[in-house]
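What follows is each chain in one-letter form.
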Amino acid sequence: MTADLARSIQALGFTFHDARMHVLKALAPLMQEIACRLLPGVAREALAPTVLETLMPLAEELAEAPVELVLNPAARTSVEILLGQATGLPLRLVEEPTLSEGQVYLRLGETEAQIDLDRATSELTAAVRNFFGLSEQDRTA
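Remember, predicted model here, so these are calculated numbers, not experimental data.

> How should I be thinking about a nonpolar patch on the surface in this particular structure?
Where nonpolar side chains cluster on the molecular surface, the patch consists of V23, L27, L30, M31, I34, L38 and V42 and spans about 570 Å² of accessible area. Along the chain, I34 falls in helix α1 (residues 2-61).

Shown next, in the form of C-alpha cells:
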C-alpha cells in the first residue's frame, strides 16, 4: 500500500510539472509579444508623466534653481505639453539627439536625475525571455 501511495504521489508530481510546462509554453508567445511590441509603446506614453512625477519633488526642494531637461527631440512635444501643468517653474528644454526617446535627464542646480524607460523596457523584455527560456530548459531537463 505504501509503494502504491508513493507511485501515485510521484505520478501527480510529474503530472503537475507537465501541466505547468504546457501552460508556460502556451503563454510564452503572448508574453513575448507583450514585452516586445506593447511595452515600448506604453513606455513612450509614460515618459512625460514620469518626467513630471520625478520633477515635482526635486523642484520643491530647489524652488529657485532653474530646471533643465535634456531629452531627445522626438520626445519634446509630449513632455512639453505635460510640463505645462508645472506652472511657475523656470524650465529650459535642451534637445540632445544622442539620447533615446525614452531617456531624460533632469538637472536642478547640482542635482541630477535620470529617467531611462528604454533601459527599463529592455530589462523587462530580457526578463520575460529569460523566464520562458529557463522554463523551456526545465522542460527538456
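There is more to say, and it comes next.
> Sorry if this is basic, but what is going on with the environment of L71 here?
Within the secondary structure, L71 is located in strand β1 (residues 67-71). Each C-alpha atom, one on L71 and one on E101, is 7.4 Å from the other, the two residues being 30 residues apart in sequence. For L71, the residues in contact, after removing those within four places along its chain, are R76, V79, L93, V94, E95, E96, L99, Q103 and V104.

> I keep staring at the pairing of strand β4 (residues 111-116) and nothing clicks. Help me out?
Where a strand is regular, its side chains alternate between the two sheet faces. The sheet contact formed by strand β3 (residues 103-108) and β4 spans six bridges and is antiparallel. Counterpart to V104 in the pairing with β4 is I115. Turn length for the β3-β4 hairpin, with the two strands adjacent in sequence and antiparallel, is two residues, and the turn residue G109 shows positive phi of about 60 degrees.

Criteria and thresholds
- Residues numbered from 1 in each chain as written.
- Predicted model: local features only at pLDDT ≥ 70, side-chain atom pairs only at ≥ 80, totals over all residues.
- Heavy atoms only, no water.
- Patch = residues over 30% accessible without salt bridge, like charges linked within 9 Å, V, L, I, M, F, W, Y side chains within 5 Å.
- Areas by Shrake-Rupley, 256 points an atom, 1.4 Å probe, with all protein chains shown as cover.
- Salt bridge = Lys/Arg side-chain N within 4 Å of Asp/Glu carboxyl O.
- Helix = DSSP H or I, 4+ residues; strand = E, 2+ residues; numbered from the N terminus.
- Contact = heavy atoms within 4.5 Å.
- Pairing = 2+ DSSP bridges.

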